[in-house]
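Secondary and tertiary structure notes
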Amino acid sequence: MNVQQLVPLALPRGRPLSCELCGGPAQLRCGACRVTYYWKAKFDTDTAYLTPWIYFASCAFGTHDISTSGGYFHMANVFFRQNKMDIADSLYTEVTDIWHAHFSRLIRVQSQTLTSPAEINILSEEEEISEEPLNEAQQAEASQVLNAILDIKEQAPKQQPAKTASVVHALAMLHYLILDLPKAHELGMKAFLIAKQLPNQDASEAIHSLLKLIKSKLCYTK
């Protein structure tokens, strides 16, 4: 697929769609699958080369899969260098959300394997009870991408504690999954302290649950 396969989006009045890269108003759709929608500004001369990567990953794995997140990350870097910070921030947030959700699923699957068959039977049919563990390439990509995003968040003139907490939480889950428990605990505590400052405490509760898992494994390994 190339840029020429992206065609103008025509929708009845009152049915707006959002770009699946940055959340802006969609102006184009994929002429092949008609599922993924894009904001036209994504496809200027600086970003068009990323289109095939994102397109094929989106069609094969979905727009919110870790296989697609690399394209979003590199697209975000392009906009960051162009000083288009709102778009870059939106894409960095999308990358963070994808990895955060993926790690959460992996940890949930680990927890399910410890439950009894009777307990598993009452789980929602929509709930995944099997998930491939992280391979070395995914571990390296997640670490590189999330640490880069964290550096950007922490150095930004305008701080966004909720988004920073989400990145740190994702990194804590990553280190938990690869059994680097001391680092997982360090990052978990950092995320918890940031999240405690937020009006909505949902994030701090999730981080607290992770910290309990980390502590239980630390005690078990001693």
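Refer to the structure above for everything that follows.
So, here is what we can say about the structure in this document. Predicted model, so just to flag it, every value in this text is computed and none were measured. Each chain carries its own residue numbering, running from 1 in the written order of its sequence. A pLDDT threshold of at least 70 governs which residues receive local features in this predicted model, and a stricter bar of 80 or more applies before side-chain atom pairs are shown or counted, although totals over entire chains, interfaces and linings include all residues. For the side-chain quantities, the full set of heavy atoms in the structure was used; hydrogens and water were omitted.

Right, let's talk about the overall build of the protein for a bit. Secondary structure counts use DSSP, requiring at least four H or I residues in a row for a helix and at least two E residues in a row for a strand, with both numbered from the N terminus. Across its full length, the protein holds 8 helices and 3 strands. In sequence order, the protein lays out its α and β elements as β-β-β-α-α-α-α-α-α-α-α. Summary of the burial criterion: residues with accessible area below 20% of their type's maximum are buried, those above 50% are exposed, and those between are partly exposed, where the area comes from a 1.4 Å probe applied to protein chains only. Per-residue burial over the protein gives 40% buried out of 222 residues. Surface exposure of the protein reaches about 12,500 Å², of which carbon and sulfur atoms provide 55%. Calculation of accessible area relied on Shrake-Rupley with a 1.4 Å probe; when residues are assessed, cover is drawn exclusively from the protein chains displayed.

Okay, the side chain of Lys 153 next. Summarising the element assignment, Lys 153 is placed in helix α5 (residues 136-155). Assessed through its relative accessible area of 6%, Lys 153 is described here as buried.

It is worth spelling out the nonpolar core at this point. If you look at the biggest cluster of nonpolar residues, it comprises 44 residues, and the most contacted ones within it are Trp 99, Phe 103 and Tyr 176. Of all the secondary structure elements, the ones that give two or more residues to this core are α2 (66-81), α3 (85-112), α5, α6 (161-177), α7 (181-195) and α8 (202-221). Only buried Ala, Val, Leu, Ile, Met, Phe, Trp, Tyr and Cys residues count toward a nonpolar core, and they belong to the same one when joined by side-chain atoms within 4.5 Å.

On to α5, then. The terminal C-alpha atoms of α5, which comprises 20 residues, lie 29 Å apart, in line with the 28 Å expected from a rise of 1.5 Å per residue. When α5 is considered as a whole, its buried residues turn out to be Ala 142, Val 145, Leu 146, Ile 149, Leu 150 and Lys 153. Down the axis of α5, the sector holding all buried residues measures 135 degrees, keeping them to one side. Projecting away from the buried face of α5 at angles above 90 degrees are the exposed residues Glu 136, Ala 137, Gln 144 and Gln 155. In this analysis, the expected span of each helix is defined as 1.5 Å times one less than the number of residues it contains. The arc in question is the one traced by the directions running from the helix axis out to the C-beta atoms.

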